Structures are given as C-alpha cells and as structure tokens.
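# Chains, contacts and geometry: an overview
Okay, here's what each chain looks like letter by letter:
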Amino acid sequence: MTKEALFEVLNDLDDAHIAQVEAVPVRKHHWKIWVGLAACATAVLAMCLTLPALRTDPAPSAHQDPAPAATQTPSAAQTPDAIHLDMGDIHINELSELTAAAPLWYDPELYDQVWWDQEDLLSYFGRNLTPAYLPEGISPAPWNDQAQVVVDKDSAALVQDRVVLHFYHAYDQQGNPQLTEDVPARKGFSLSASRLGFIGDCLYVRPEDEAQVSCIGETEVIFGYRSMPYGPYDPDTHAPAGYYDLCVAEFTSGGIRYQIVMEQMAPEELVTVTASLLWGTDEIVLDF
Amino acid sequence: MEDHEIVALYWARDEGAIPATAEKYGGYCTCVARNILEDARDAEECVNDTWLAAWNAMPPHRPARLSTFLGKLTRNLAFNRRKARRADKRGGGQLPLVLDELGECVSGRDSVEDAVDRKELAAAIDQFLSDLPAHSRALFVRRYWHCDSIAAIAARYRITQGSAAMDLSRTRKKAACLPHRKGI
C-alpha cells in the first residue's frame, strides 16, 4: 500500500475520533487571566495563613512567619480532590540504546545474603515503596513484601540494599511475571529502590549529559522512552513483528534512589505512577 | 443554526442550506483545506466544491455529525485537487511531510497483492486508535486527518514540539504493524 492510499483510507475514520479532537480548543496563553488568578490565589493563601495564626496566637509576629507555606506538601497545596500535573512540563527523553551491565558478585566467604521482610523494608526505607496508583489490571507481585540484601560478614555493614518490587498484569505459580499473549513481553513495571544508590543495571538515557530533566513537585525526574521491537523477525527483511512501549523513570527522593521500568504501557502511566509514589496519593490528573 | 436544521434545509432542497453551512463551517473547512493545499485560492475553491458536494450528497445521505461529514468531503477534495496538480513535494504545506510520515506505516508498493478491502483497513485503524491513550489518539488524528503542523499540535495541547513529534513517532511505529496483521 502507498502512503497516498493510506492517507485516503484515513478519510474513513470514525466520526467520533475526529469529533473528539475537534472538541479540544487551542490553548492560548491568556496571561492576563493567569496574572489575575495568581493575584487572587495569593490573596486567598495569605488569608488562609494569616487568619488561623491570628486566631490561635495573638502574638504580633506569629502571622508573619512564612514557614507554613514553604513546608506545604504538594497535595496540600493543590485542590483537595486531585493533584493536577501539566504534561507540558514533562519531557520524555528518547532512549537511544539499552546496555546490560554485569551485576556485582559478592563472595559468600566475605558477604552474607540476608532476607528482609516487610517490617525490615519499612524500617529501612521509612516508607511503603508501593505506589499509591497502580494502572488498571496491574497488581503487586506476591513476594513484594520481602527482599534480599547483602551484608559484610566482618563489619555487619550493609553493602547492597537494592530492592526490586514487581507490578505486572499476571504471575505464574512461582510469582514470576508472565508475558502477554499478543506481545512476548511483560506488561506492568518494576520499581527499584536503594539508599546506597544501586538501582539499575541495564538502562541508560543517552547521551546522559543531554537528558532533559522534568520536575514533579520539587523532585527532578529523568523520563526515558524506547520503542522496543519484538519477534518473530522476518527472515528476509529482519523486520520485527511489532513494537511495544518501554519507559523508564529515575529520580531521588527522601534519600532513596528510584528506578521504574515500565513495559507495554503508555508513558503517561509512568508519569502518574511516579507522581503517586512521590506524593502518596492516587488522585493524580494529567493535564494535556 | 443547529446541524439538524441545516441538514433539513438540504433535504428540502432549500438553497439557504449552503450559506448556513458556510457561515457555521466555513472556517473549519477552510482550515482543513489550507493544511493540504498551501494556496489560499485553491483552498477557497476547494471549500466551495465542498458545499456543492454536500448539496449533491444530501439527500440521500443524512450525516449523523455534520462537521466531520463536511470535513471528510473537504479533506478528500483537497487531496484530489493536490494530486491533480501534481504539486511539487517541496512546495510547502503540511501534506508532503504528513505523507512522508505515513510512508513509515506502509510498504510503499501498490501491487495487486496489496489490494485490500479499505473499509476493513479503516475499521482496523479505528480499532487501533481506540486502543491508544486518548492523548496519543488526539495527536494522531490532528496530524494525519487534519494535517495540522507539529507546531500547531504542540500549541493546542500545550506540549513541546519534540514531545509531540516523539509521541507521533511512537504511534507510527505501532501503526506500522497494522497493515502486516491485516495482510496488506
């Protein structure tokens, strides 16, 4: 088929698809409106901060302390129903290559492999590592409540604390993620966390110094995307049977280094999962 | 005037149907035509052809959604006009770029073996779009149906041009598998 023929075939698209996009108006930068809204919001915020302070503490200096505003969490600063995240501020870097790094090997003569249970994980990381939002059809792996770490035999110091949690669409009897029927790949994501900085062994955004950083709240996140080919490959042309989405997010928050690797899901889902992990709520709305 | 009232004028063979259509959808159809035909006069003539085509189509046709019905007529007429003129590929406008991008999704051959039921393919594309995230679907339709420029799409959805281009690239790669599955 030629591209011209495909262009003509597209003329027969379902009316609903066409009408749907026509309903979205062009967004213009109405700066006067925004300046007005910002002024109103500032006034309201000032009143919110000032009035309670006046009511509870009659000291003249109490209501002048700006600390409450500076320490507000994103969820408290936004509407009570949901946190809105502007996708225009999110940059998805193209992953130009994937590289497998050799995993570190720990000599059993010198190191012990230690199993942590959920209580140990909570105590060490100081938080539940499961994101508040999980995409539809995705569930935690049955063994997400335990992890193996490496401890130095002599000093009892922790030398490897990387914990990997799995969140996929289906698991086999051993709890391993299953591949989907139509695409031979997993559907869902893995989440690696480490206070010592060991997070990944195979994914890089290249060139690293040109990766654009996105901010979710005050956390800098690097998002990456790669269209992953899958087989079987055509014996003559070597063309893959198709492609699926693979996205990565890397960031540090609360002294913990994270890496999320998501397969067969749209980058928007990764952004939502990341935001829900950072903000502890599943009430995330992406604005396009 | 409501769409059903305009359609009723066509069915009544009332010539007031055309100015009513032009008033309500003139801007929209001109926009569709201009994205395909860079020449303003060409686009204007194409839109006038659209009103004539609508007059000839109604009755017997009674479109469920007048806007997309007129948009499809305009798009088709503009593309045919463009083909007839054999416009230079580098002559400007969005169409050459749009066609080049669509070229990634097809074999480029036009052999007998490639001949398929286009309705079947259109249905497959509809399903493909339904399975896409809403954002990607919107970008795809704006680019390959309306022939909007990347800059216009980025402005409409308040994203960067790079982000829009990459999203479209991803969708094209997925779409490239569609014809093979359908035996095209």
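Reading guide: rules and limits
Residues numbered from 1 in each chain as written. Chains lettered and ligands numbered in written order. Predicted model: local features only at pLDDT ≥ 70, side-chain atom pairs only at ≥ 80, totals over all residues. Heavy atoms only, no water. Helix = DSSP H or I, 4+ residues; strand = E, 2+ residues; numbered from the N terminus. Buried < 20%, exposed > 50% of the residue type's maximum accessible area, 1.4 Å probe, protein only. Contact = heavy atoms within 4.5 Å. Areas by Shrake-Rupley, 256 points an atom, 1.4 Å probe, with all protein chains shown as cover. pLDDT = per-residue confidence, 0-100. Phe/Tyr/Trp six-rings, centres within 6.5 Å; stacked < 30°, edge-to-face > 60°. Core = buried A, V, L, I, M, F, W, Y, C linked by side-chain atoms within 4.5 Å.

### Some details on the overall build of chain A
Each helix and strand counted, chain A has seven helices and 15 strands in total. Of all 288 residues assigned to chain A, the portion counted as buried reaches 38%. Summarising the internal contacts of chain A: among those between residues at least 6 apart in sequence, 67% fall at separations of at least 24. Just so you have it, chain A exposes about 15,800 Å², and 54% of that area is on carbon and sulfur atoms.

### As for the confidence of the model for chain A
Residues and elements named next belong to chain A. Across chain A, pLDDT averages 77, with 73% of residues at or above 70. The model gives residues 27-33 a pLDDT under 50, and that stretch makes five contacts with residues more than four places away or in other chains. For the stretch residues 51-80, pLDDT sits under 50, and the model shows 16 contacts to residues farther than four places along the chain or on other chains.

### Some words on the packing of aromatic side chains
Residues and elements named next belong to chain A. This model, assessed by the stated rule, comprises ten aromatic pairs over all chains. Both rings, one in Tyr 124 and one in Phe 125, keep their centres 4.9 Å apart while their planes meet at 85°; by these two values the pair is edge-to-face. For Phe 125, a relative accessible area of 2% corresponds to the buried category. Between Phe 251 and Tyr 258, the ring centres sit 5.0 Å apart and the planes meet at 25°, which makes this aromatic pair stacked.

### What about the nonpolar core?
Counting residues in each nonpolar core, the largest one holds 62 residues, and the members touching the most others are A:Leu6, A:Phe7, A:Leu13, B:Leu66, B:Leu70, B:Ile125 and B:Leu129. Examining the composition of this core, we find that eight residues originate from one element, helix α2 (residues 17-36) of chain B, more than from any other. Each residue touching A:Leu6, except ones within four places of it in the same chain, is listed here: A:Met1, B:Leu102, B:Cys105, B:Val106, B:Leu121 and B:Ile125.

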